[in-house]
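Observations on chain architecture
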Amino acid sequence: MSYQLYRNTTLGNTLQESLDELIQYGQITPNLAFKVLLQFDKSINNALNQRVKARVTFKAGKLNTYRFCDNVWTLMLNDVEFREVHEFVKVDKVKIVACDGKSGEF
């Protein structure tokens, strides 16, 4: 089973809303909508794993909270600097959710 993190993105939310509408109008079954969401999870995880090659480094002024549950790290950071080659961004707060990309979930 793939991680479902990306269902809460703009793309994932739009897909879910569209599927709900199709179910409401009787054009697809809830079972088919469920299968589409599972395929979305697999495809988005695979695409990000295979196609994204950019690297970003970051440095936090403070680690506010952290949690490790079900092989997923959640970090809440304050005063964070992100760097990518020639670009630099500073933010007050950021939440990072990190999953094991090598666990065979993809």
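Scroll up to find the structure.
What this report covers is the structure whose coordinates are included nearby. (Residues numbered from 1 in each chain as written. Predicted model: local features only at pLDDT ≥ 70, side-chain atom pairs only at ≥ 80, totals over all residues. Heavy atoms only, no water.)

1. So, the sheet that holds strand S1 (residues 57-69)
One open sheet holds the three strands; their spatial order is S1-S2-S3, and the pairing between them is antiparallel. Unpaired on one side and paired on the other, S1 and strand S3 (87-99) mark the two borders of the sheet. Averaged over all pairs of adjacent strands, the angle between their axes in this sheet comes to 10 degrees, without regard to strand direction. The pairing of strand S2 (residues 72-84) with S3 spans 12 bridges and is antiparallel. Each residue of the ladder has a partner; that of Met76, found in S3, is Lys95. (Pairing = 2+ DSSP bridges. Helix = DSSP H or I, 4+ residues; strand = E, 2+ residues; numbered from the N terminus. Axes fitted to C-alpha atoms, helices over the stretch in contact; angles between N-to-C directions.)

2. Structural notes on the packing of aromatic side chains
Enumeration according to the criterion identifies three aromatic pairs in this entry. Ring plane angle 40 degrees and centroid distance 6.5 Å describe the contact between Tyr66 and Trp73, whose orientation is recorded as tilted. When its relative accessible area of 57% is taken as the criterion, Tyr66 is described as exposed. With centroids separated by 4.7 Å and ring planes inclined at 40 degrees, the aromatic side chains of Phe68 and Trp73 adopt a geometry described as tilted. Using a relative accessible area of 46% as the deciding quantity, one classes Phe68 as partly exposed. Site record: aromatic cluster; members linked through ring pairs are Tyr66, Phe68 and Trp73. (Phe/Tyr/Trp six-rings, centres within 6.5 Å; stacked < 30°, edge-to-face > 60°. Buried < 20%, exposed > 50% of the residue type's maximum accessible area, 1.4 Å probe, protein only.)

3. Some details on the pattern of salt bridges
Counted by the stated rule, this structure contains two salt bridges. Measuring nitrogen to oxygen at the nearest pair gives 2.5 Å for the salt bridge that ties Asp41 to Arg7. Of the two residues, Asp41 is situated in helix H2 (residues 30-51) and Arg7 in the segment before helix H1 (10-24); the sequence distance between them amounts to 34 residues. By relative accessible area, Asp41 is classed as buried at 1%. Residue Arg7 is classed as buried on the basis of its relative accessible area, which comes to 12%. For Arg83, the salt bridge goes to Glu81, with nearest N and O atoms at 4.0 Å. Judged by relative accessible area, which is 45%, Arg83 ranks as partly exposed. (Salt bridge = Lys/Arg side-chain N within 4 Å of Asp/Glu carboxyl O.)

4. Brief notes about the pairing of S2
Of the strand pairs in this sheet, S1 and S2 are connected by 11 bridges, and their pairing is antiparallel. Among the inter-strand pairings, Thr57 is bridged to a residue of S2, identified as Arg83. Connecting the antiparallel pair S1 and S2 is a turn made up of two residues, with Asp70 showing a positive phi of about 55 degrees. Joining the antiparallel neighbours S2 and S3 is a turn of two residues, in which Val85 adopts a positive phi near 45 degrees.

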